[in-house]
Amino acid sequence: MNSIRNMKTTKLIVHQKGFSDAELLLNPKDFSDIQLGDVVEIWHPDEEYRLLLQVSELKEDLNKDNISVESGIAQTFQLKVYQPICLNVVNPKDVTLDLVELIIKDQYLGRSDMWRFKTFLEGKAVYLTKKLEHTNIRATVNELWTKGEKVSCGVISKDTRAVFRSPTAVMNIFIQMSSEMWEFDSFGDLYFEKAICGFLADLFAKWKEQNCCHDVTIVMFSRTYYEAKSIDEFPASIRECIQKDYKGRFYEDFYRIVVQNERYEDWQSTMIALKKLFIKYENRVLHFHDGCGERIPPAYNSMAAQGNFLETMNMSLNVFEKYYLDRNFDRTGKVAIVITPGAGVFEVDRELTTLTKQRTIDSGAGADLVCMGEQPLHAVPLFKFHSRNAVTSLDVGDDYNIPHWINHSFYTSKSQVKTSLTSTFVPRIKVASRRGYRPAADQRECIMKNEYHRADNGFPFSIDYDDYDAHVFKLPSSRTNVKKRGQVRLSTSVVTKQFGHPLPQTLAEARQLHQPRKRHVSDECIGLLMGSKESSKTSSAISIPMSRVKSDELMSNSVGADYKIIEEKSTLSKSTESSDSGEDIPQEPFRVGSAPLGQNMRFTGKAVKQNRALINPFAPTRMRVRKTFNRRRWVHAFPVDTAGTAMQPRFHQTYTKSLLDGESIHPQAPLADPSTGEVEAANIAVQLRKKKSSLKRDADLETKSLSSESEDDPQQLLRGLRYSDSQSSFNSHSTALTNREAIGPSHSNITSSVSQASDASYSLLWGVTGEQELCPIIAIDVDWKSMSLPAILPTTTDYFPENRNLMNDYVVADYQLLPDDVNMDLSFGQASRKPMKAQEVFNELFYQRLAQGFQLICGANTLSPRGQPDISTQKYKSKTGLMRAKSTPQTTYWLSIGRIFHRLNLIGRTITVTRYRPRHPHAQISRMYPYRFQMPDSETYDSSETHFDNEQLENYNWNYLDNYICTMGQGDYALVQTFISSLKFWRSRFFLMPSINPATKRIIEGDERCDIYEEKTITEQEQIMCGFLRFMETLNRIRRPASTIKTRSRDENIPPEEVFKLSTTSPSIEIIEALLDQSDGLSFLPLQLGLPNNNFISAEAIRWVRQEVGGVNSINQAIDLLQRLVDEKFIRHISNKADVKFMNGFFLYYILPLTKGDKNTGLTYTDVSGFLNDWCEVLVDTNEDQTLNDLPEFLLPKLPSKQSLNLPSFGSHNTDTNSDYGAYRNIYNFSNIDLDPSSKSGRQEWGTLQYHTWFNPLCPFEIQVHWLVATGPILGDFVSSWGRKAGMFGMHLLPVPVDPFMLPDTPGSDPLRGPVFVSLNIGSLKEDGNDIFPEFDWASRDERLQLLQEAILKRFGFLLNSPRNHWPYGDENRQDQYVHMSGGMFVICMQRKARRRLRTDSFCSVNSGSSPDKASSDLDKVGFLWSWNFLLTKKWRTSNTGDEHFQDKVLADFRSFCSNHENRLKDFWEESCQKVSFIQI
């Protein structure tokens, strides 16, 4: 470190936090040259370790020649108190960090919050374990990196990359229960024990060590194959989930959810549950259909490579893509972990791979694959594509893909570690069993049957395999004439006629007949040759999709990359053309890997489409791909070395005991003498290689002459400099791998070839970063950090396409925003909300794109293409003309997601948004996927289905969103229900419920029965209503001390004429004067912004009238009296609209001035719409007019009218004429809400509040918060304050899911979540088993059955969801939802009229039009759908909500009651019948 001021030695003392919050205290008299904000380094003279601290406070009363450090810092870094210490001021540029890792826990942070937090940290000195806080965001420094090394302190600059990691993320852990799980590995470990007792045990231990508390879901999944040739072999009742694969095999996928959204501190009980399920799992899924009574084809479990890996990933993505729904405020991050017993090789469908890849990258979710098998010698993870028409297609080789978007790991058990340290040989593959062994006699018999066409073909060296591989795994030269290629495609008859055999006999003929697979060009990159002149004609970012071809024509296609061989240019030019007509070399019908060569080959003379090479999994370093946004999306989450290459420390070299002891590798055993045919074939191969070498030398001379001609070109010179930089980067990074000749002598050759051919616009094929080479000696450990402290998607990237690509391959559209002009005509309601200025709007537009997954493109570097414009900078643009204008500042941001780029530009007060969308976007892909799954509390596997769809990001309505930001939701732009499907705004749903439930307390304390709840009395309902009104004051930001609220109780025993001074016939002026009385009058709200003088709540006025005015005995009479005052213009609604009627509930009115000279101060509204946008008003129904009786409604001769029971009281006047308040006939109302009333964030933050239009004490009150502009921790604390206030008023506020039941036909539902069916044993209520309501009309029996179910639910403490039910699918399919008083359980009543398809076999496809003779069978399908409130976490639990044990106890007792255990259901029925009989008598 270079000091910029003189060093000084002083003495160290410490101070506590209570004395000062500063980390370092200095006396300005001793350090006159030090200023606030300076970065200083301190160290003891006898130690080399140095600590960086920033001066934030100067204290003059500090002892002379002393510096004081906060005691916690001194203890952490072992600083010696009262010992000499050196202090020196350093230049922040000399101690700048490259990367800082921050830990955020128990918080919700949006990506825009992370950007603002990182901006706040710029210029600040940090050290390990430092606690940081800003705008309620709390973070801890975890790691610091600079120049490829970890450091303990440093300074964060603008160029420092910040990586946020979360120990409280949402994690989905999938365990693949393939057939290998019941097998042993090479070290004697059962794969299941290795996965559970090994990997999961170690993972949970690391969670405990790092104090992690993730939201975890664990799922066991597998694929079951059936030995059937036709779907007709399966009974019709089980065909719903049977599918057919590309080989014609029938299969069914199973998912067993073990735990769901649990946050345990001790996972030992879960480990035990997994072991118990393992014992029964295979037998359960293989014999699941045995009980159907019909013959089922034999079933067997699939292997790991054939399993439902991609389907499982997509099911997790269905959940992660809905991150904006049910947003909790203590979780950040989402990760899917798949544990497989295999080695990371999967046979997959090409289209599903494309879909999964794009969804994973776009969502920013982490995808980890943990393999229990041994790490193979080839690249992993590895996808092998299968063809839908494998039987008829011509496959010259297996088509592989190496997915870079999966973070893979190999778990090493203790047995493996022990073996590697004691043995000289460590196996890298699992030895195959003898099931596929064929004796030598059988091989000879196959040869005699001409299964092998020629005797010479049996020799292993009949052809030069190196020469063959070099041509198969290579893209043909771009100079090849297309017409010539078309001519060499001969039909089978021509081949047979010319050569006498339908198969090729020479290598040249094989190359002509079996050309590399025709390929669609990837959207990411194109298969261009180095130095090809045609490279400038085609865009590297987007290529026009080719027309679809048949399976036999589409011979090969690798998803997501076009590959480029790393070899000399001559190989790609003349040598390729000459080899097409090479010498005749006898060979067998060639093939690659395990792909068979078809016997009936069909060749067409169609035009050849663009080609590319196959992937060689054993040599991925030889192939590179163009850098794209997808490859660079996560690169800024990794530290870089001195050469700028991303580092993954968990990749290291393996050493056996012999290598550690310095021994050389044992030579191979001597081979047998080759035969005559082998020698001849080898000689021919040598001659061919010599010919190729001469052609390469000629091509090198030609290349040198071409390069010398272009030395004076500046662009060529720039290209050479960047090439050299990239080359040095590769050489630097590969030093550690190439300097060990004894371990891998051949790896240096690969590295040198890669280095010589490296280019800044290309990256390696293998790996997450594309910058780390793969060789057999690299061992891939478990990425514990990714699965313990998962990283959040970085906010920055470095990929930017070339300008030519932007112009040619994108559709450009732009629009302008003028915030000052737009907001001029809008009304922003409360004076506290002011329209935003242009700079504020511009910043919010940038933040919104970050929040929706966009990344800011950083400045140009060696990894960026040439010609990239400057971004995120301030420029000054001058106007020219007859009059010179002043320089106008300009700010520009470039952002990207996938193939979409946005350019935000601010010049003066004008904002220009330019959108670059691909000219040829991805096609819409939709997959319907049926499966079976079992919930933790379910008794069987239920059938279900879900859809996998790729999101069309280019269709997002950014224009509407930008205008919403500009107008702050005013005018024509608002977050309303219509735009839920198009705008992904965040939302959270809450229920406000009574918190006083004696029955809940009794159950928690040990009561065995749970059907002990009683309905609230009228007095209890009035208390609940008072608490609700107080909460509404909090919701409306009304601050009224409790001492100002006047409460009086009316003594019913005193005659009215002796109590009341007023009556209904009293003059209105006397009633007004009594209301204004200081001692006995109405309690008015305090004067505050937006409210006039003498304002009050309507429900309190009604209560005052009933207490003070004689002759008023009901709520309706009180409303009529107050409405008279409104009509006579003594009272008016605060909206200042005279025709607004008086309504009961939380409505705000005020008393008009009694004399003309008086003026009412305070801000008043001029229109109703402006008032409704700022204030929440709710109707209240006290159920006073309803008579409480204990009679069972389902047995009454005349059923009660639900409409009359659920409508609130409006008084005798007709509210239908009240047009401005006609919205209170709707389910919900909307209003704006300030989400940062204390202005902690330094910006305006707001949202939309959706709430019930009325409140009933017997129903929960629903609140939804919708937002786009908010800071996560501030919003979380704001909502938590609501919960604390509700507890003070006898209520509790609980988060609830937007869709608690997740039925399969609900769009966007969670595929791994569903309700539990609880059957109601109706047949036990009648001895003959017929219908239970024979004496009533048939048309009323369904309603009576529902009333019976409601009566049962009331006994168990369930409340109707709302006074007037709302079901999002219309009245035809509307079903009542109930919530338990504790808030932890939901129920839907299922009966014969249910028409919607539900997620269970027991009651799907139930028709409402059942005839009387089907009544008995329909009774078996009556019951309840039970669902849990997974959002009710420990943070929200109280003594009134209970814990998990309480919820399990309620479900168990509810099932016992519904099954008529101990005749409980029948006793309830007989008790109800006796009550009705007694009334009739």
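What this report covers is the structure whose coordinates are included nearby. (Residues numbered from 1 in each chain as written. Predicted model: local features only at pLDDT ≥ 70, side-chain atom pairs only at ≥ 80, totals over all residues. Heavy atoms only, no water.)

1. With respect to the overall build of the protein chain
- Helix and strand counts for the protein chain come out as 37 helices and 57 strands.
- Sorting the 1481 residues of the protein chain into buried and exposed places 55% on the buried side.
- Of the contacts made within the protein chain by residues no fewer than 6 positions apart, 79% connect residues no fewer than 24 positions apart.
- When the accessible surface of the protein chain is totalled, it reaches about 65500 Å², and 51% of it is carbon and sulfur. (Helix = DSSP H or I, 4+ residues; strand = E, 2+ residues; numbered from the N terminus. Buried < 20%, exposed > 50% of the residue type's maximum accessible area, 1.4 Å probe, protein only. Contact = heavy atoms within 4.5 Å. Areas by Shrake-Rupley, 256 points an atom, 1.4 Å probe, with all protein chains shown as cover.)

2. A closer look at the environment of Leu614
- On the secondary structure map, Leu614 appears in the loop between helix H13 (574–579) and strand E27 (623–626).
- For Leu614, a relative accessible area of 4% corresponds to the buried category.
- Taking the C-alpha atoms as reference points, Leu614 and Asp399, 215 residues apart in sequence, are found 6.4 Å from one another.

3. Side note on the sheet that holds strand E51 (residues 1261–1269)
- Taken together, the five strands give an open sheet; going across it, the order is E48-E49-E51-E40-E52, and neighbouring strands pair in antiparallel fashion. Where the open sheet ends on each side, the last strands, each with one partner, are strand E48 (1228–1234) and strand E52 (1291–1296). Geometrically, the sheet is characterised by an average inter-axis angle of 25° between neighbouring strands, direction not taken into account.
- Note that strand E40 (residues 986–994) and E52 share six bridges and pair antiparallel. For Pro994, the partnering residue across the bridge sits in E52 and is Met1291.
- Helix H33 (residues 1272–1288) rests against E40, E48, strand E49 (1246–1252), E51 and E52 of the sheet, and its axis sits at about 145° to E52. (Pairing = 2+ DSSP bridges. Axes fitted to C-alpha atoms, helices over the stretch in contact; angles between N-to-C directions.)

4. Considering a nonpolar patch on the surface
- A contiguous nonpolar patch, built from Val14, Val81 and Tyr82 and spanning about 270 Å² of accessible area, is present on the exposed surface.
- Here Val81 is to be found in the loop between helix H1 (71–76) and strand E7 (84–89). (Patch = residues over 30% accessible without salt bridge, like charges linked within 9 Å, V, L, I, M, F, W, Y side chains within 5 Å. Salt bridge = Lys/Arg side-chain N within 4 Å of Asp/Glu carboxyl O.)

5. Remarks on the sheet that holds strand E45 (residues 1145–1146)
- The three strands lie next to each other as E45-E47-E50, forming an open sheet whose pairing is mixed. If you trace the sheet from one side to the other, it starts and ends with E45 and strand E50 (1254–1255), each paired once.

6. Focus on a positive patch on the surface
- Taken together, the side chains of Arg138, Arg1039, Arg1284, Lys1285 and Lys1435 present a region of like positive charge at the surface.
- The topology assignment puts Lys1285 in helix H33. (Lys, Arg positive; Asp, Glu negative; His and termini not counted. Charge placed at Lys NZ, Arg CZ, Asp CG, Glu CD.)

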